[in-house]
Amino acid sequence: MRKMLLAAASLSALTLLAGSAAAQTRTTLDIYVVDVEGGNATLFVTPAGESLLIDTGNYGPQVSLRDASRIMEAVRDARLTRSTI
């Protein structure tokens, strides 16, 4: 069950990240490194507000909702607001 919840949260993050950032003007490439179980996830946000999340995930009984919540915290910090698929 936890693995399914983590996968759903990660998918939600990926669809959110496919959208553009909030209406403010960005002038830098922002890179967020998120400490997740067994490694790191990396969130890139371009000056145009486009974003990309790289996270290969974690498989097995140690899968934790902590990882998804940390990724979503980075999404909020990056002020990403729109999702598209």
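Everything below is about the structure shown above.
Reference entry: report on the structure contained in this document. Sequence positions are assigned chain by chain, starting from 1 and proceeding in written order. With pLDDT at 70 or above as the cut-off, local features in this predicted model cover only qualifying residues; side-chain atom pairs require 80 or more to be listed or tallied, and sums for whole chains, interfaces and linings still use all residues. To obtain the side-chain values, all non-hydrogen atoms of the structure were included, while hydrogens and water were left out.

### What to know about the overall build of the chain
Argument step 1. When helices and strands are counted, the chain shows two helices and three strands.
Argument step 2. Each residue is placed in one exposure class: buried if its accessible area under a 1.4 Å probe, protein chains only, is under 20% of its type's maximum, exposed if it is over 50%, and partly exposed if it falls in between. For the chain, buried positions account for 31% of its 85 residues.
Argument step 3. Residues are treated as being in contact if the distance between any of their heavy atoms lies within 4.5 Å. A separation of at least 24 residues holds for 62% of the contacts in the chain among residues at least 6 apart in sequence.
Argument step 4. Throughout, the Shrake-Rupley method with a 1.4 Å probe supplies accessible areas, and for residues the shown protein chains are the sole cover considered. Total accessible area on the chain is roughly 5,400 Å²; 58% of this is exposed by carbon and sulfur atoms. Secondary structure elements follow DSSP: runs of H or I of four or more residues count as helices, runs of E of two or more count as strands, with numbering from the N terminus.

### Some details on the sheet that holds strand β3 (residues 51–54)
Strand pairs in the sheet, formed through backbone hydrogen bonds, run parallel or antiparallel to each other.
Argument step 1. Between any two strands, at least two bridges found by DSSP are needed for them to pair. With antiparallel pairing, the three strands of this open sheet are ordered in space as β1-β2-β3. Both outer strands of the open sheet, β1 (30–36) and β3, are each paired with one neighbouring strand and no more. Sheet twist, expressed as the average angle between the axes of neighbouring strands with direction ignored, equals 15°.
Argument step 2. Here seven bridges tie β1 to strand β2 (residues 39–45), and the two strands are oriented antiparallel to one another. Counted as the bridge partner of D35 is N40 from β2. Lines fitted to the C-alpha atoms define the axes, with helices restricted to the stretch that makes contact. Angles between their N-to-C directions range from 0 to 180 degrees.

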